[in-house]
Amino acid sequence: RRSAVTSLSMNSVLVLAAFAQIRYTLRTQHASTPNPPPPIPPLPPPPPAPPGEPPLPPVPPSPPPAWPPDGTERHFVAVKGGRYGVCRTKDGTTGTKHIFRGTKRHTEASCRSNCFHTERCVAYEFSRDKSICEMHTTQIDHVLPVSGSVCMAKDP
């Protein structure tokens, strides 16, 4: 019975040694032969529109982010309630606005820059969570606190 335990223990040691050798070999081969990851394939084209429906218009590209800062940030001020939240008019509505749903490249800086360079824009609202830029054309009175959003008005 003792020889069976000894041979079992010896077999376990040999198996562990073999696994250690294999692991060492794989590590050293992996470290010495750098293989770049395979390229990411392009996204497939969108499916065609159903019969009888017009195709969707192409999404315009998002403007490049305004970085380094373009100086427009000094032309905006927080309204009542601070800057963190959604824009509201004196009567508590959203007022008149234009919504731009961008890709993840849309930033607060690009939203602010677009508002600054649009004469009718009086305030911008940017949602980091949804990457949505709203340019308001109705005077904004206050901010309704909402996490993940920023509202800033043009400095008169």
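Our subject is the structure that appears above.
Note that the structure is a prediction, hence the values are computed from the model and not measured.

Membership of the largest hydrophobic core is limited to 10 residues, which are Phe76, Cys111, Cys115, Cys121, Tyr124, Phe126, Cys133, Met135, Val150 and Met152. Where this core is concerned, the elements lending two or more residues are helix H2 (108-116), strand E4 (123-127), strand E5 (132-136) and strand E7 (149-154). If we ignore the near neighbours within four places in the chain, the residues touching Cys111 are Tyr124, Glu125, Phe126, Cys133 and Glu134. Core analysis: the next-biggest nonpolar cluster, separate from the first, contains 7 residues, Val79, Cys87, Ala123 and Ile140 among them.

Attention now moves to the environment of Phe100. For Phe100, the location among the structural elements is in strand E3 (residues 97-101). Separated by 34 residues in sequence, Phe100 and Glu134 place their C-alpha atoms 6.1 Å apart. Contacts of Phe100, omitting those with residues within four sequence positions, involve His106, Ser131, Ile132, Cys133 and Met135.

Once that is clear, we can look at the packing of aromatic side chains. The final tally for this structure, using the stated rule, is 1 aromatic pair. When the ring of Phe76 is compared with that of Tyr124, the centres are 5.1 Å apart and the planes differ by 80°; the resulting orientation is edge-to-face. Of this pair, Phe76 sits in strand E1 (residues 76-77) while Tyr124 sits in strand E4, and the two are 48 residues apart along the sequence. With relative accessibility at 6%, the residue Phe76 sits in the buried group. Tyr124 sits in the buried class, given a relative accessible area of 1%.

Another aspect to go through is the environment of Thr137. Within the element layout of this structure, Thr137 appears in the loop between E5 and strand E6 (142-144). Between the C-alpha atom of Thr137 and that of Gly95, which follows or precedes it by 42 residues, the distance is 7.6 Å. Discounting residues that sit within four places of it in the chain, Thr137 has contacts with Thr96, Lys97, His98, Arg120, Cys121 and Val122.

Calculation criteria
Residues numbered from 1 in each chain as written. Predicted model: local features only at pLDDT ≥ 70, side-chain atom pairs only at ≥ 80, totals over all residues. Heavy atoms only, no water. Core = buried A, V, L, I, M, F, W, Y, C linked by side-chain atoms within 4.5 Å. Buried < 20%, exposed > 50% of the residue type's maximum accessible area, 1.4 Å probe, protein only. Helix = DSSP H or I, 4+ residues; strand = E, 2+ residues; numbered from the N terminus. Contact = heavy atoms within 4.5 Å. Phe/Tyr/Trp six-rings, centres within 6.5 Å; stacked < 30°, edge-to-face > 60°.

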